[in-house]
Amino acid sequence: MKMRVLMDHRDEGSQLSPNPCRICSYKNRPSNSFRICSYKTLNLKFFRICSYKKTGVYTPSMPPASHSLTRRSPLSFRVCHNAFMAPEIRNIQRHVLPNGLVVITEPMSHVRSVSVGVWIRNGSRREIPQENGLAHFMEHMVFKGTERRSAEAIAREMDSIGGMLDAFTSKEQICFNAKVLDQNLPIAFDIISDLCLHPRFDSTDIKNEQQVVLEEIKMDMDNPEYLLHETFTRGFWPEHPLGRPILGTPDTVEKFSPAVLHNRFKEWFAPDHLLVTAAGNVTHDQVTDLVAKQFGHLQPTGGLEDNVAPQTSAPIQIDRKPDLKQVHLCLGVPSLPIAHDRRFVVAVLNNLLGGGMSSRLFQNIREKRGLAYAVFSEVTPYSDAGMFTVYAGCAKETIGQVLDLTLAEFRALKESPVSDEELLRAKNHLKGSLMLSLESTSSRMSNLARQELYFGRFFTLDEILASIEAVTREDVQSLAQEFFRPEQISATVLGPLNGFTLDRNRLSC
């Protein structure tokens, strides 16, 4: 085994002037300390941990059996802090109101902000076909005014406290959230609560917002990458809510009425369908009191019906758009649900294939051959299904080459285990991205909701890092063999195709 540590620029055996041990500060027997600077690789059979300071001690000339590592250990140095981070302690508290509404908080006393979100466990996948787009439209409409505030008053009140108010609709949730200075949390939560409890749904506002959403749909349909992915998803999960667009269609949006909005609002925004999460410089009792004051009087309506998992199809779809300058390609296969035991293997596989600048697709298609500006892979997981896709945009003359290179990477991952170095790089990328993503209050707030909604428990950072580290080369190869089977590869190609054709035989890998 080997481990990367930080050492002096000098040769590995170079010694500085005798100094007290940097690990335990033992002064009776000075040791030779290495400075912390560039990367070196040391053999772990001579590597042990100082019991006093949890820091590395390296004894290159003596095997562990003949040397007892004590306070007098020679050649001590500090190891990169990622190797021996102290266990992370997250003070997450959860409370359920009598009406079923769940409140989860995580204090972050070192910041001055608070992020709070109200999550509705109804996304676009719970819509009936003739109401496709209603969840997204409802998210828009609550900002048009409440019984106490006009749309302008909502905006002015948030601006007056320097806060940020936002909302989004996904296929499995609607979320209203705010980020404010800690002393302004009561104001921000009063605004969010007003949006979620007292929207007007005025008929004039509905007509105006229908035009807004119709323009949003047109804007997205003019975006070839968006159009490609919507076409791909519709074919991948045909006749299922996960295959329908979150925005809806012009036909469905034009038919929304005040009655439809009011009926679905009462059903979806019931307290036993709600989750409130908050992270930042705030206590659990503060948040619980605010939530109980605003939502405690609501009556539950009963649990949600179970979702029906989609049946996956594998069509080949060709959409000729001669006016476009690029050809856009999307290949995809079924993936695993978001809480699956092998989710970390999926994450590593995605990172290796197309999840970063050092990934195989980025290096072989963009960097080495210059065939595409945008090329990547991504995972789209849901509670009961998942989708693993690759996207590339390229010239019409090179679409065949880009397709073949992508399939060659599928084949390589199936036939040979990845190298130890490549696996380590992918793991470290995932670990770093995860840790950096949890440094803000808003990301912590979202993380709390995700763990509650999909896992029903809270994983420590150490648990997640250990799960990433546990992924092996064999795990990745086995998953690639399971995923990249020609008969289950879906393909959508959109653009000026210049005679390009595609059949199932071409997708062999």
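Scroll up to find the structure this text is about.
If you're wondering where the values come from, they're calculated on a predicted model, not measured in any experiment.

> Pulling in residues and values, what's your account of the overall build of the protein chain?
Counting secondary structure elements, the protein chain contains 15 helices and 15 strands. For the protein chain, the residues scored as buried account for 51% of the 509 residues in total. When the accessible surface of the protein chain is summed, it comes to about 24,100 Å², and 50% of that surface belongs to carbon and sulfur atoms.

> I'd like to hear about the pairing of strand β12 (residues 327-334), residue by residue, with values.
Burial of β12 is extensive: eight of the eight residues sit out of reach of the surface. Going residue by residue along β12, you find Val 327, Leu 329, Leu 331 and Val 333 tucked away on one face and His 328, Cys 330, Gly 332 and Pro 334 tucked away on the opposite face as well. The pairing of β12 with strand β14 (residues 386-394) spans eight bridges and is classified as antiparallel. Looking across to β14, one finds that Pro 334 is bridged to Met 387. Sheet analysis places β12 next to strand β15 (residues 490-495), joined by five bridges and oriented antiparallel. The residue of β15 that forms the bridge with Leu 331 is Ala 491.

> Any chance you could break down empty space enclosed by the protein for me, citing the residues and the numbers?
A full pass over the atoms with the stated rule returns two cavities of 30 Å³ or more. Lining the largest cavity, in full, are Asn 351, Leu 352, Ser 358, Ser 359, Glu 422, Arg 425 and Ala 426. When residues of the lining of the largest cavity are assigned to their parent elements, the largest contribution, three residues, is made by helix α12 (residues 420-437). For the lining of the largest cavity, a count of residues per class yields two nonpolar, three polar and two charged.

> Account for the environment of Leu 465, with residues named and values stated.
Here Leu 465 is to be found in helix α14 (residues 461-469). Relative accessible area serves as the criterion here: at 11%, Leu 465 is assigned to the buried category.

> How would you sum up the pattern of salt bridges? Please name residues and give values.
By the definition in use, this model includes 27 salt bridges. Salt-bridge contacts for Arg 90 lead to Glu 106; the nearest nitrogen and oxygen are separated by 2.6 Å. Of this pair, Arg 90 sits in the loop between β4 (55-58) and β5 (93-96) while Glu 106 sits in strand β6 (residues 102-107), and the two are 16 residues apart along the sequence. Judged by relative accessible area, Glu 106 falls into the buried class, the value being 2%. Across the pair Arg 506 and Asp 404 runs a salt bridge, and its minimum N-O distance is 3.1 Å. Taken together, the residues span a long stretch of sequence, with Arg 506 in the segment after β15 and Asp 404 in helix α11 (residues 399-415) at a distance of 102 residues. Of the residues examined, Arg 506 reaches a relative accessible area of 30% and is grouped as partly exposed. Among the charged side chains, a salt-bridge network with shared partners connects Arg 148, Arg 149, Glu 157, Asp 190 and Asp 194.

> Explain the side chain of His 284 to me, and be specific about the residues and the numbers.
Position of His 284 relative to the elements: it lies in helix α8 (residues 284-295). Polar contacts involving the side chain of His 284 include one to the side chain of Thr 105, which spans 2.7 Å. What His 284 contacts, discounting residues up to four positions off in sequence, is Gln 93, Arg 94, His 95, Val 103 and Thr 105.

> So what about the pairing of strand β10 (residues 274-280)? Which residues, and what values?
For β10, the buried fraction is high: seven of the seven residues fall into the buried class. Alternating positions in β10 separate into two faces, Leu 274, Val 276, Ala 278 and Gly 280 on one and Leu 275, Thr 277 and Ala 279 on the other, with burial throughout. Examined bridge by bridge, strand β7 (residues 113-120) and β10 share seven bridges and lie antiparallel to one another. For Gly 117, the partnering residue across the bridge sits in β10 and is Thr 277.

> I'd love a proper account of unusual backbone geometry, names of residues and values included.
Of note in the backbone geometry, Phe 201 takes a positive phi value of approximately 55° without being a glycine. Looking at the secondary structure, you find Phe 201 in the loop between α3 (185-197) and α4 (203-221). In the Ramachandran plot, Glu 239 falls in the positive-phi region, its phi being about 55° despite a non-glycine side chain. Counting through the fold element by element, Glu 239 comes out in the loop between α5 (224-236) and α6 (250-253).

> Got a sec to walk through the environment of Val 253? Specific residues and values, please.
Residue position: Val 253 is located in helix α6. Counting along the chain gives 121 residues from Val 253 to Asn 132, while the straight-line C-alpha distance between them is 7.6 Å. Look past the residues within four positions of Val 253 in its chain and what remains in contact with it is Gln 210, Val 213, Leu 214, Ile 217 and Leu 247.

> Give a detailed account of the sheet that holds β7, specifying residues and quantitative values.
Sheet strands associate in pairs through backbone hydrogen bonding, adopting either a parallel or an antiparallel arrangement. With respect to topology, six strands assemble into an open sheet ordered β5-β6-β10-β7-β9-β8, the strand pairing being mixed. The outermost strands of the open sheet, each flanked by one partner alone, are β5 and β8 (164-169). The average angle at which neighbouring strand axes cross in this sheet is 15°, direction not considered. As paired elements, β7 and strand β9 (residues 174-181) share eight bridges and run antiparallel to each other. Opposite Ile 120, over in β9, you have Ile 174 as the bridge partner.

> Any details on the nonpolar core? Residues and values, ideally.
With 56 residues, the main nonpolar core has Leu 331, Leu 349, Phe 410, Phe 483 and Phe 484 as its most contacted residues. Among residues more than four places away in sequence, those in contact with Phe 410 are Leu 331, Leu 353, Val 390, Phe 484, Ile 489 and Cys 509. Of all hydrophobic cores here, the second largest spans 49 residues; its members include Leu 97, Leu 101, Val 114 and Phe 189.

Cut-offs and rules
Residues numbered from 1 in each chain as written. Predicted model: local features only at pLDDT ≥ 70, side-chain atom pairs only at ≥ 80, totals over all residues. Heavy atoms only, no water. Helix = DSSP H or I, 4+ residues; strand = E, 2+ residues; numbered from the N terminus. Buried < 20%, exposed > 50% of the residue type's maximum accessible area, 1.4 Å probe, protein only. Areas by Shrake-Rupley, 256 points an atom, 1.4 Å probe, with all protein chains shown as cover. Pairing = 2+ DSSP bridges. 1 Å grid on protein atoms, 1.4 Å probe; cavity = no way out; pocket = protein on both sides within 12 Å on 5 of 7 lines; lining within 4 Å. Points joined across faces, edges and corners; volume = space filled by probe spheres on them. Nonpolar A, V, L, I, M, F, W, Y, C, P; charged D, E, K, R; others polar. Salt bridge = Lys/Arg side-chain N within 4 Å of Asp/Glu carboxyl O. Polar contact = N/O pair within 3.5 Å; in protein donor to acceptor, adjacent residues only side chain to side chain. Contact = heavy atoms within 4.5 Å. Axes fitted to C-alpha atoms, helices over the stretch in contact; angles between N-to-C directions. Core = buried A, V, L, I, M, F, W, Y, C linked by side-chain atoms within 4.5 Å.

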